Every structure is written in structure tokens, then in C-alpha cells.
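Chain by chain, the residues run as shown.
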Amino acid sequence: MGHPLHANGCWFERRLSVASARESSALFLDRDGVVIEDEGYLADPKKVRLIPGAREALVVARAKGWHVALVTNQSGIGRGMYGWNEFAAVQAAMMAALGDAAATIELVAACPHYPSHPWRKPEPGMILAALQALGADPAKSWMVGDKAADLKAGRAAKLAGGFIVGTGEGRNERAGAMACGGNGFALRSIDSIAALGPWLKGAGAS
Ligand SMILES: [Mg+2]
């Protein structure tokens, strides 16, 4: 099975069936612990469970004309625990669970490398490559994550700001994540991805 791999060994998938967004704003979503429950090195599609509100948040993002990209560290691959076929199966299960809302995800990037790589969060490589591919403006774009590394990557990519969620590892990581704020990077703490819909509808997302 052919997978959409970048020359550097990372997954980099443009989902070309998706209509392109109207705005130059992008929402970068971590996957495990943000969109789906963090099962720890998830390789079994039967264990995919959406976090409540994920579907609705994606629908609002698209209604507002935003780009949406998934940026996920998958060190389970680099550690030899599973492979791209398992990653693809989990992705397919997540997209199926999202239903119509899956069509809002324009790009998926996944970094298998461990322990470090320019695309592995907290490094900004995946976000920078996605910004370029989408033609999005970092100053109008936000990162959503459950770990400090997610927010560090967003800050390093010079995004407008980031959200630390309380799902996944978010409760343990909140203090470290909040320390990433400042110097032009706005940090907000939210209970879960479900809070993004109302935020996107509000003035902060115009
Ligand atoms: Mg995560």
C-alpha cells in the first residue's frame, strides 16, 4: 500500500478532495488527546474514540472558512511498535467517526521519528510545512494540543497562539504549556476541543 510520505520519512498528506478554505487562518490540531482519546501508541482502529465536541468544532472551523490541519507525533513508529499501515487504519477509523466533518481536515502530517527530528514537536517543522502547503498566515493561525510540546511547536512556528486542552495529557501538562505563552504567543486553557466552536464563532476568530 502506498502512503503519502515526505522525503524525510514523515507522513504528509494533502486531502485534495477537500475544498480549500476561504480564509488565511489555520487551525492546527494535535490528534491523540485532542481529537480522539489518547490510548497511548494507538495502533488499533477499534480503539478510536472521538473526544466529544470534535466533530462540531471542525464543522464550525469550516463554516468560518478556516484551514484545518492535523499535526501528530507518532514515535510509536520510530520505536518499532507499529507501522504506517496501522497509522493509516487508525486515521481511517477517525475519519469515519467524524463523518461529514472529516472533510474539513485538509492536511495530515505525522512524524515517526524519535527522539528528535525537525518535524517532531516541540520543533515546528510539521507546522511550517503545513502553513506553506496551505498558504496560511501564521499570524492568523492557532495550535491546539494536550502537551507542552504542542504549544512549543506552535510558538516556534510563530503562530498567533495556542490552546491547551484538559483532555488527554492536558491536565498534567497544563502548567508547562501555559509557560509557553507571552512574547506575541497567546495561550488559552480550555476544557476540551468542544470549546473551540464557540471561540471560532466569536470575535476572537474573525
Ligand atoms: Mg497529544
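Given the structure is predicted, the values throughout are model-derived calculations rather than measurements.

J.: Even after reading the chapter, I still don't get the overall build of the protein chain, so can you show me in this structure?
T.: Counting secondary structure elements, the protein chain contains seven helices and seven strands. Reading the protein chain from its N terminus to its C terminus gives the helix and strand order β-β-α-β-α-α-β-α-β-α-β-α-β-α. Relative to the globule expectation of 17 Å for 206 residues, the C-alpha radius of gyration of the protein chain, 15 Å, shows essentially globular dimensions. Principal axes of the C-alpha set define a box for the protein chain whose edges measure 45 × 35 × 30 Å. For the protein chain, the residues scored as buried account for 51% of the 206 residues in total. Taking the contacts inside the protein chain whose residues are at least 6 apart along the sequence as the reference set, 72% of them involve residues at least 24 apart.

J.: Help me understand the nonpolar core, please; the structure alone is not making it clear to me.
T.: Soluble globular proteins: nonpolar side chains tend toward being buried together. Of all hydrophobic cores here, the largest spans 41 residues; its most connected members are L27, L29, V35, M94, I105, I193 and L196. Taken together, the elements giving at least two residues each to this core come down to β2 (26-29), α1 (54-63), β3 (67-73), α3 (84-98), β4 (107-111), β5 (142-145) and α7 (196-201). With seven residues, α3 is the single largest residue contributor to this core. One finds F12, A26, A69 and F185 within the second-largest nonpolar core, a separate group that totals 28 residues.

J.: Even after reading the chapter, I still don't get the coordination of the magnesium ion, so can you show me in this structure?
T.: The protein atoms donating to the magnesium ion are D30 (OD), D32 (O) and D146 (OD), with metal-donor distances spanning 2.1 to 2.2 Å. Counting along the primary sequence, the residues that act as donors to the magnesium ion give the motif D-x1-D-x113-D. Look at D32 and you get buried, because its relative accessible area is 14%.

J.: Hey, could you run me through the side chain of T167 in this one?
T.: Inspection of the secondary structure puts T167 in the loop between β6 (161-164) and α6 (170-178). In contact with T167, other than residues within four places in its own chain, are G33, V34, I51, D146, D191 and S192.

J.: Help me understand the pattern of salt bridges in this model?
T.: Going through the model one piece at a time under the given rule, you end up with six salt bridges. R49 serves as the salt-bridge partner of E39, at 2.7 Å between the closest nitrogen and oxygen. You can see E39 sitting in the loop between β2 and α1 and its partner R49 sitting in the loop between β2 and α1, a full 10 residues away along the chain. Classification of R49 by relative accessible area gives partly exposed; the value is 47%. With its nearest N and O atoms 3.7 Å apart, the salt bridge here joins D44 to K46. For K46, a relative accessible area of 74% corresponds to the exposed category.

J.: Sorry, what's going on with helix α5 (residues 148-156) here?
T.: For an α-helix, 3.6 residues make a turn, and residues three or four places apart therefore share a direction. When α5 is considered as a whole, its buried residues turn out to be A148, D150, L151, A153 and G154. In the core, the buried residues of α5 are packed alongside α4 (125-134), β5, β6, α6 and β7 (186-189). Following α5 by one or two positions, K158 has its phi on the positive side, about 65°.

Calculation notes
- Residues numbered from 1 in each chain as written.
- Predicted model: local features only at pLDDT ≥ 70, side-chain atom pairs only at ≥ 80, totals over all residues.
- Heavy atoms only, no water.
- Helix = DSSP H or I, 4+ residues; strand = E, 2+ residues; numbered from the N terminus.
- Rg over C-alpha atoms; globule rule 2.2 N^0.38 Å.
- Buried < 20%, exposed > 50% of the residue type's maximum accessible area, 1.4 Å probe, protein only.
- Contact = heavy atoms within 4.5 Å.
- Core = buried A, V, L, I, M, F, W, Y, C linked by side-chain atoms within 4.5 Å.
- Donors = N, O, S within 2.8 Å, 3.2 Å for Na, K, Ca; no water.
- Salt bridge = Lys/Arg side-chain N within 4 Å of Asp/Glu carboxyl O.

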